[in-house]
There are 2 protein chains.
Amino acid sequence: MAKEITKRSENYSQWYNDIVKKAGLADNSAVRGCMVIKPLGYAIWENMQAQLDKMFKETGHVNAYFPLFIPKSFLSKEAKHVEGFAKECAVITHHRLMNDPNGDGVIVDPSSKLEEELIVRPTSETIIWNTYRDWIQSYRDLPLLINQWVNVVRWEMRTRPFLRTTEFLWQEGHTAHASKKEAEEETALIHEIYARFAEDYMAMPVIKGVKTENERFAGAVETYTIEALMQDGKALQAGTSHFLGQNFAKAFDVKFSDNNNKVEHVWASSWGVSTRLVGGLIMTHSDDEGLVLPPKLAPTQVVIVPIPKPNPEILEVASNIKQKLTALGIRVKIDEDETKRPGFKFAQYELEGVPIRIGIGMRDLVNNQVEIARRDTKEKMPVLLEGIDQYVDKLLGDIQTNLFETAKAYRDDHITEVKNFTDFKDALEEKGGFIKAHWDGSTETELKIKEETKATIRCIPNDEAESSGKCVYSSNDSNKKVLFAKAY
Amino acid sequence: MAKEITKRSENYSQWYNDIVKKAGLADNSAVRGCMVIKPLGYAIWENMQAQLDKMFKETGHVNAYFPLFIPKSFLSKEAKHVEGFAKECAVITHHRLMNDPNGDGVIVDPSSKLEEELIVRPTSETIIWNTYRDWIQSYRDLPLLINQWVNVVRWEMRTRPFLRTTEFLWQEGHTAHASKKEAEEETALIHEIYARFAEDYMAMPVIKGVKTENERFAGAVETYTIEALMQDGKALQAGTSHFLGQNFAKAFDVKFSDNNNKVEHVWASSWGVSTRLVGGLIMTHSDDEGLVLPPKLAPTQVVIVPIPKPNPEILEVASNIKQKLTALGIRVKIDEDETKRPGFKFAQYELEGVPIRIGIGMRDLVNNQVEIARRDTKEKMPVLLEGIDQYVDKLLGDIQTNLFETAKAYRDDHITEVKNFTDFKDALEEKGGFIKAHWDGSTETELKIKEETKATIRCIPNDEAESSGKCVYSSNDSNKKVLFAKAY
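### Things to note about the overall build of chain A
Point 1. Along the backbone of chain A there are 14 helices and 26 strands.
Point 2. Taken over the C-alpha trace, chain A has a radius of gyration of 26 Å; the compact-globule value for 488 residues is 23 Å, and the two agree within 12%.
Point 3. For chain A, the spread of C-alpha atoms along the principal axes amounts to about 80 × 70 × 55 Å.
Point 4. Counting only residues that meet the buried cut, chain A has 49% of its 488 residues in that class.
Point 5. Partitioning the intrachain contacts of chain A with sequence separation of at least 6 by distance along the chain shows that 67% fall at a separation of at least 24.

Listed below in structure tokens is the structure:
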């Protein structure tokens, strides 16, 4: 089974598709650009959701639900928003089907045409700010710290499972504040939560920074981003948090009276991460044998495999181990299937990325031990039954750390600082990864570099100090280095 | 604040709308028939989801995600399904907007017309069974026990928040089995889970039964239902579980080879509950002061209110109580707002249905006690600080039980058995509720009764023994009594 996966070195893109398909993460659907998220893929997303939701709630956010449909006219109320967002989308024009008088199928009933077309939400700023107008009168109504977990649709021409699909799942937070400062602090808080989630749970190192004007969210004053690096040297934008200023409040006329009865427009942020994170997770850790999952997000953390097949004695020991591990909050499965050989099972669990495999044979039991195999390094070791729960618990932590450290070493090794455009192009082509270079701050230069190299400015990193230099492309003055990369 | 709610006795329908609006459960949206679910309403739904999801997973089900869109042609593949379902729905015909050359808004780009229209899912049997064809070859691939938590759209002409909306949230389970017996057992298992959830968590008594052919799900062989009774004497269908036979497997050509290599069509079930349950919850327990929530589903179970306002001494005691209650898994909030009077807060928490309110004043502290008020009976009592955690924990259980018993007494009191059609109509008009009567089993009679009285057959109850009698309408022979009611 594992041997059917294309090697990364041969064709990285095909390798990714093979993992998605063969590990059972997602499948194509009958609808162009839309995927079916299969149980394993969805269970990973559920674990991501649970953790993020917890982090949002711990910082005072609540969930709500706004309509799937947006009246067409809403999209053009915020000028930049419509330019950036509203063009490629699913348009609802009718609300009824009827039997085809000339056949046995159904046709659209022409008499059911809508007065105003509805758009399936590509993002919900417009409908939410239209609603907030009714909810906000006074500073006492602020802040509103609302999030929703929903599906959105953007009609994409080229799609890839998880990374870019016409329909995807995400959370979108939309907050309203009484001051610019508060809205900016909220934007930064979420940026920090996203980075912490990516690093501590996904074991995916990220660089925090802000987007250039050209790469900014349509309608935002500032877009904060976390950028990760995949194993093929391409960057992945993994989560964005936008300071929206008063743009949407002005577009939808949302005002509040402050404690001096002065009336002002409300300040806003919005932020989101999506099922794209599942794609990032796959690309960060997986190998030629299949999926590799960080323990904190793995639906099954430990699988116990009887060797060569289940018998009452082995199953009793397995069940004892499971009980002990479950008591520590570890997610364990015992494979009781009698029809498949251990070798087949080992390959299957490697493919599915289960972090720890425990093999139990009769000879092991004589020695009061089992064999433990870790997915990340593929090491195997005999482990005594006594204290196995503590051993496994610690090992899960070690695997989590090792995955992060490995990914971070790769990422750090793939940040190349260059001083001229020849080196820029060489580094990009030969090594890939992030290219750090001075940039003159103009969109013109940014677009020319993109045209010539396909690299975009991923972010202006937060932790990059100001420094005087010359733009790598135009040689104009620059006061900060930025990070370029080809990106998903 | 509470006084703004219309009394149930004056106008039940307006009372319901007032609760939804003023307790902050939901709001109308700019899109016809679609609601905004506000944070309190959504938190109730989240608690429902969490419990149901747990019950599904404990019985071997997993979650997945299938596309929002369904190709139009899929809907006509199962003949009865298209008749019952596919007519009033949102139809996507285009995938792009463009700037209006004659104005400053956007218009639909005529060149983006889809080859085949897409329908926003009203339910997902068709797209899922089209996918299952690729997933199922052998009996080894069965059963598939898959659920999804999603939004669906049915273009409704008359809508009411939660009870009937164009877009709503639900879970839909779609299972595939190797035998008729297994699929029937699955249908019954879910029926049982729904009933248990309704009674044990929502404190909403339900009658389990099967639907008549006329009321059956479009495409089902048998529909199992749980039916609840609202305080105005109207019934609410609260959850349905469908045995689909081989209908969808045949429509989408899904076959498997059994362990003798015989090829057969797959057997199926589907089942769902929706945000309609939130409407049922409101209508079952709430009163003229506002929402009443069963403790197991209440987002906040206990609120602590300092009297007349917070001071360090009171807050310290409040914080100690909160800590003890939280340790027991109880959801507690301390109201630290200094700007509002206790009377205002009391009314607000009554309106929002918080099951237990703890008032703490300085005089209470002298006596080492607090005042506890329960939302369901409105009783108040002084309670000693010592052992207060155990007291509150037990009281939450008592409130849960009391709500169920009260609702059950009302329901049982509103099942009227009649032997002739005059009594039928009298009971329906004067008392409302369920009318139990013999029925001849014909759709013709069922529809005539509906036409004359607006009552439908809610179900043929599981626990109703066969008995010989004469149909209440036609006087034809009948072998079982069924339950009629006007319904939401």
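### Digging into the nonpolar core
Point 1. The biggest cluster of nonpolar side chains holds 290 residues, and the ones touching the most others in it are Ala-198 and Phe-484 of chain A together with Ala-198 and Phe-484 of chain B.
Point 2. Excluding its chain neighbours within four sequence positions, the residues that come into contact with Phe-484 of chain A are Phe-434, Ile-435, Ala-437, Ile-449, Ala-455, Thr-456, Ile-457 and Arg-458 of chain A.

### Points about the sheet that holds strand 8 (residues 144-153) of chain A
Residues and elements named next belong to chain A.
Point 1. Pairing within the open sheet is mixed, and its 11 strands lie in the order 3-8-9-15-12-11-10-23-26-22-21. Looking along the sheet, the strands with just one partner apiece sit at the ends: strand 3 (62-63) and strand 21 (415-417).
Point 2. Pairing between strand 9 (residues 167-177) and strand 15 (residues 267-274): eight bridges, direction antiparallel. Of the residues in strand 15, the one forming a bridge with Thr-175 is Ser-269.
Point 3. Where helix 6 (residues 180-200) meets the sheet, its contacts fall on strand 9, strand 10 (207-210), strand 11 (222-229), strand 12 (235-245) and strand 15, and the angle it forms with strand 12 comes to roughly 165 degrees.

### Observations regarding the packing of helix 2 (residues 39-58) of chain B against helix 8 (residues 276-285) of chain B
Residue and element names in this part refer to chain B.
Point 1. One can describe the packing of helix 2 onto helix 8 by two numbers: an axis separation of 10 Å at closest approach and a directional angle of 105 degrees. Taken together, the axes of helix 2 and helix 8 lie roughly perpendicular to each other. Contacts from Gly-41, Ile-44, Trp-45 and Met-48 in helix 2 reach Leu-277, Val-278 and Leu-281 in helix 8.
Point 2. Class assignment for the residues of the contact of helix 2 with helix 8 results in six nonpolar, one polar and no charged.

### Describing the domain arrangement of chain A
Point 1. Under the domain assignment used here, chain A contains domain 1 (8-285), domain 2 (295-402) and domain 3 (415-485).
Point 2. Each of domain 2 of chain A and domain 3 of chain A was reduced to a C-alpha centroid, and the two centroids are 47 Å apart.

### Notes on unusual backbone geometry
All names here are of chain A.
Point 1. Cis geometry is adopted by the peptide bond preceding Pro-143, which originates at Leu-142 and carries an omega value of -5 degrees.
Point 2. Tracing the backbone through its elements, the reader meets Pro-143 in the loop between helix 5 (125-135) and strand 8.
Point 3. Backbone geometry places Ser-475, a non-glycine residue, at a positive phi of 65 degrees.
Point 4. Here Ser-475 lies in the loop between strand 24 (469-470) and strand 25 (477-478).

### Examining the sheet that holds strand 9 (residues 167-177) of chain B
Residues and elements named next belong to chain B.
Point 1. Taken in spatial order, the 11 strands of this open sheet run 3-8-9-15-12-11-10-23-26-22-21, and their pairing is mixed. Edge positions in the sheet fall to strand 3 (62-63) and strand 21 (415-417), since each has one partner strand and no second.
Point 2. In the sheet, strand 11 (residues 222-229) pairs with strand 12 (residues 235-245) via eight bridges, with the strands oriented antiparallel. Counted as the bridge partner of Tyr-224 is Ser-241 from strand 12.

### Here's the deal with the interface of chain B and chain A
Frequently, the measure chosen for interface size is the accessible area that the parts lose on association.
Point 1. In this complex, chain B contributes 52 residues to the contact, which on the side of chain A involves 51 residues.
Point 2. Looking at the side of chain B that touches chain A, the element that brings in the most residues is strand 5 (residues 88-99) of chain B, giving 10 residues.
Point 3. Residue composition of the side of chain B that touches chain A, by class: 32 nonpolar, 11 polar and nine charged.
Point 4. Judged from the five bridges that link them, strand 5 (residues 88-99) of chain A and strand 5 of chain B form a sheet pairing that is antiparallel. Considered in strand 5 of chain B, the bridge of Val-91 of chain A is made with His-94 of chain B.

### Some remarks on the environment of Val-370 of chain A
All names here are of chain A.
Point 1. The residue Val-370 is located in strand 19 (residues 369-374) in this model.
Point 2. On the basis of neighbour counts, which here come to 25 C-beta atoms within 10 Å, the residue Val-370 falls in the buried class.
Point 3. Once residues within four sequence positions are removed from consideration, Val-370 is found in contact with Ile-358, Gly-359, Ile-360, Asp-364, Val-383, Leu-385 and Ile-388.

### Some thoughts on the relation of the copies chain B and chain A
Point 1. Superposing chain B onto chain A takes a rotation of 180 degrees combined with a translation of 0.0 Å along the rotation axis, leaving an RMSD of 0.0 Å. Here the symmetry operator amounts to a two-fold rotation axis. Of every C-alpha in chain B, the one belonging to Ile-92 of chain B sits nearest the axis of rotation, 2.1 Å from it.
Point 2. The fraction of interface residues of chain B whose copies in chain A are also interface residues reaches 98%, indicating that both copies meet through the same surface.

### A few points about the confidence of the model for chain A
Caution is warranted with low-pLDDT regions, since their predicted coordinates should not be read in detail.
Point 1. Taken over all residues, the pLDDT of chain A has a mean of 96, while the share at 70 or more is 99%.
Point 2. Two numbers describe this predicted complex: its pTM, 0.97, and its ipTM, 0.97.

### Observations regarding the pairing of strand 9 of chain A
Residue and element names in this part refer to chain A.
Point 1. Burial analysis of strand 9 places 10 of its 11 residues in the buried class, which makes it a mostly covered element.
Point 2. Relative to strand 9, strand 8 runs antiparallel, the two sharing 10 bridges. In the strand pairing of strand 9, Val-153 is matched with Glu-167.

### Considerations on helix 1 (residues 12-22) of chain B
Residue and element names in this part refer to chain B.
Point 1. For helix 1, the set of buried residues is Trp-15, Tyr-16, Ile-19 and Val-20. Seen from one end, helix 1 has its buried residues packed into an arc of 130 degrees, which puts them on one side.
Point 2. For helix 1, the secondary structure elements touched by its buried residues are strand 1 (26-28) and helix 8.

### As for the environment of Ser-286 of chain A
Residues and elements named next belong to chain A.
Point 1. Its place among the elements puts Ser-286 in the loop between helix 8 (276-285) and strand 16 (302-307).
Point 2. Judged by the 22 C-beta atoms lying within 10 Å of it, Ser-286 is buried.
Point 3. In sequence terms Ser-286 and Ala-64 are 222 residues apart; their C-alpha atoms lie 35 Å from each other.
Point 4. Apart from the residues within four sequence positions on either side, Ser-286 is in contact with Ile-19, Leu-291 and Val-292.

### With respect to the pairing of strand 22 (residues 434-438) of chain A
Residue and element names in this part refer to chain A.
Point 1. Across the five residues of strand 22, four count as buried, placing the element largely inside the fold.
Point 2. Looking at chain direction, strand 21 and strand 22 are connected through three bridges and run parallel. Its bridge partner lying in strand 22, Glu-417 is registered against Lys-436.
Point 3. Taken together, strand 21, helix 13 (residues 421-430) and strand 22 form a β-α-β motif whose crossover is right-handed.
Point 4. Looking at chain direction, strand 22 and strand 26 (residues 481-485) are connected through four bridges and run antiparallel. Its bridge partner lying in strand 26, Ile-435 is registered against Phe-484.

Reading the values: rules and limits
- Residues numbered from 1 in each chain as written.
- Chains lettered and ligands numbered in written order.
- Predicted model: local features only at pLDDT ≥ 70, side-chain atom pairs only at ≥ 80, totals over all residues.
- Helix = DSSP H or I, 4+ residues; strand = E, 2+ residues; numbered from the N terminus.
- Rg over C-alpha atoms; globule rule 2.2 N^0.38 Å.
- Buried ≥ 20, exposed ≤ 12 C-beta atoms within 10 Å, placed from the backbone.
- Contact = placed C-beta atoms within 7 Å.
- Core = buried A, V, L, I, M, F, W, Y, C linked by C-beta atoms within 7 Å.
- Pairing = 2+ DSSP bridges.
- Axes fitted to C-alpha atoms, helices over the stretch in contact; angles between N-to-C directions.
- Parallel < 35°, antiparallel > 145°, perpendicular 65-115°, else oblique.
- Nonpolar A, V, L, I, M, F, W, Y, C, P; charged D, E, K, R; others polar.
- Domains from an automatic or database assignment.
- Least-squares fit on C-alpha atoms with pLDDT ≥ 70 in both.
- pLDDT = per-residue confidence, 0-100.
- Arc of directions from axis to C-beta.
- Right-handed = clockwise from strand over helix to strand, strands pointing away.

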